[in-house]
Amino acid sequence: MKLHNLNILIAAVSYFGLIYYKIINKGKGGIANVASTAGLKGGANMSAYAASKAAVVSLSQPMMAEWRKEIFA
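Counting from 1, residues in each chain are numbered in the order their sequence is written. For a predicted model such as this one, the threshold for reporting local features is a pLDDT of at least 70, and the threshold for listing and counting side-chain atom pairs is 80 or more; totals across whole chains, interfaces and linings nevertheless cover every residue. Neither water nor hydrogens contribute to the side-chain values; these are computed over all heavy atoms in the structure.

**With respect to the environment of Leu59**
So, step 1. Assignment of secondary structure puts Leu59 in helix α3 (residues 47–71).
So, step 2. Judged by relative accessible area, Leu59 falls into the partly exposed class, the value being 23%.
So, step 3. Residues Leu59 and Phe16 lie 43 residues apart in sequence; the distance between their C-alpha atoms is 9.8 Å.
So, step 4. In contact with Leu59, not counting residues within four places along its chain, are Val13 and Phe16. Where helices and strands are cited, they refer to DSSP runs of H or I of at least four residues and of E of at least two residues respectively, numbered from the N terminus. For the exposure calls, accessible area comes from a 1.4 Å probe over protein chains only, and a residue counts as buried if that area is under 20% of its type's maximum, exposed if over 50%, partly exposed in between. Whether two residues are in contact is decided by their heavy atoms, any of which lying within 4.5 Å being enough.

See below:
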């Protein structure tokens, strides 16, 4: 389970880069990331799941701020 969550996170980061360039080239677009409250609070017996969801939240917020400047400038 832990390796599976890590693989999903690595794939998500890779896809962000690909999607970013498509959005920049078109001048419009969007990404919807799905996380869970577990990424904010965690819980017993779900450390890998909570960590992967926290990573999605932690990655999405700064990327949104950075991309907003470039796409909607």
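**Things to note about the confidence of the model for the protein chain**
So, step 1. Of the residues in the protein chain, 88% have a pLDDT of 70 or more, and the chain-wide mean is 76.
So, step 2. As a per-residue measure, pLDDT tells how confident the predictor is, with possible values from 0 to 100. The weakest mean pLDDT in the protein chain belongs to helix α1 (residues 2–26) at 73; the strongest belongs to helix α2 (residues 38–41) at 82.

**A word on a nonpolar patch on the surface**
So, step 1. Surface patches are drawn from residues lacking salt bridges whose relative accessible area is over 30%; two like charges belong together within 9 Å, two nonpolar side chains (Val, Leu, Ile, Met, Phe, Trp, Tyr) within 5 Å. Here the open area of atoms and residues is found with the Shrake-Rupley method and a 1.4 Å probe, where only the protein chains shown may cover a residue. By salt bridge we mean one thing: a side-chain nitrogen of Lys or Arg within 4 Å of a carboxyl oxygen of Asp or Glu. Together, Tyr15, Leu18, Ile19 and Ile31 give the surface a local cluster of nonpolar side chains, amounting to about 380 Å² of exposed area.
So, step 2. Within the fold, Leu18 resides in helix α1.

**With respect to the environment of Gly30**
So, step 1. As for its position among the elements, Gly30 is in the loop between α1 and α2.
So, step 2. Looking at Gly30, the relative accessible area reads 62%, which means it is exposed.
So, step 3. Separated by 11 residues in the primary sequence, Gly30 and Ile19 place their C-alpha atoms 8.9 Å from one another.

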